[in-house]
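What the coordinates show
The lines below spell out each chain.
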Amino acid sequence: MPMDDVLVVYGSESNTAKTNIERIAKEWMARDGVNWKVCDVMEGNDAAALGLVHIASTYDAIVVATSSFRQGDAPANYDDFLEALYKGSVAMDPSGVRQVPLAGMQSAVLGFGDSRFDTYMNCPRLTDMLLEKCGTRRMAQRREIDVKLSKEDKATMMADWAEDVHGALQAKTKYSVPKVCEWTVPGNGQTFDKSLEYLPPPPPPEAAGPSPVVVVAALGAVLGVGYYCFA
Ligand SMILES: Cc1cc2nc3c(=O)[nH]c(=O)nc-3n(C[C@H](O)[C@H](O)[C@H](O)COP(=O)(O)O)c2cc1C
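Report follows, based on the coordinates. Bear in mind that the values here come from a model prediction, so they are computed numbers and not experimental data. (Residues numbered from 1 in each chain as written. Predicted model: local features only at pLDDT ≥ 70, side-chain atom pairs only at ≥ 80, totals over all residues.)

Residues in contact with the ligand amount to 23 residues; listed here are only the nearest, S12, S14, T16, S67 and G113. For the shell around the ligand, the secondary-structure elements that each account for two or more residues are α1 (16–29) and β4 (106–113). When residues of the shell around the ligand are assigned to their parent elements, the largest contribution, three residues, is made by α1. Across the shell around the ligand, the residue classes break down as eight nonpolar, eleven polar and four charged. (Near = placed C-beta within 6 Å. Helix = DSSP H or I, 4+ residues; strand = E, 2+ residues; numbered from the N terminus. Nonpolar A, V, L, I, M, F, W, Y, C, P; charged D, E, K, R; others polar.)

For G72, the position within the fold is in the loop between β3 (61–67) and α4 (79–89). For G72 and R125, which are 53 residues apart along the polypeptide, the C-alpha to C-alpha distance reads 10.0 Å. When residues no more than four places from it in sequence are discounted, the contact partners of G72 are T119, N122, C123 and F192. (Contact = placed C-beta atoms within 7 Å.)

Counting residues in each nonpolar core, the largest one holds 49 residues, and the members touching the most others are V6, V8, I62 and V165. With residues up to four places along the chain from it excluded, the contact list for V6 reads W36, K37, V38, C39, Y59, D60, A61, V63 and L169. (Core = buried A, V, L, I, M, F, W, Y, C linked by C-beta atoms within 7 Å. Buried ≥ 20, exposed ≤ 12 C-beta atoms within 10 Å, placed from the backbone.)

Here it is in structure tokens:
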């Protein structure tokens, strides 16, 4: 599938991710000879309202810039999208066949965070992992913009990421081409799972035998019959 139509999604509490991705999107579209387009830029909650299936049928690629807040949680304006990704990552049709709602799409994630938090980059990392589980092909390695970096280093990392994304889109790299890397790069896959906040708890394991209530009732019945017969 040619990569022409791109959806940009952001999650941002204090506008760092929002401002930067809006600037990058403008710069992409101002390049000479650009052969793809940013169709829409929206916060995660608005993207979630569209639904993953609608997103996959409308756009060829999805580019996400998000930060993390509280204990590695999604920013408030991105919470619904993280939930949609969690649900999409385990989606099944009524007959129990696994659904892959973003199959055919390509994706890239730009993360914002602060490495003084144990939950550093949690939401961007989860997003990158879940996008893949929902079926996207990673077209650019995630970059993680740490507030502790110098202004110059932040600018270089963002420019490198923007160049990677533009390169993949401009080259119309096919979905069938292997992803550029695992989501665990960078960060070694360190995350704090948030699935319990978004997915129903797994069913309890099947009991190996009859429940204790049934055993006690049966024992009582046997004793009762014994007493009646022999007393
Ligand atoms: C209360 C609070 C909680 C935060 N929690 C995290 C966190 O869990 N993980 C992380 O990497 N950064 C955390 N940060 C840092 C922000 O993600 C970082 O400043 C980011 O650049 C903000 O981007 P935004 O303005 O787009 O939301 C936190 C910041 C604040 C103020």
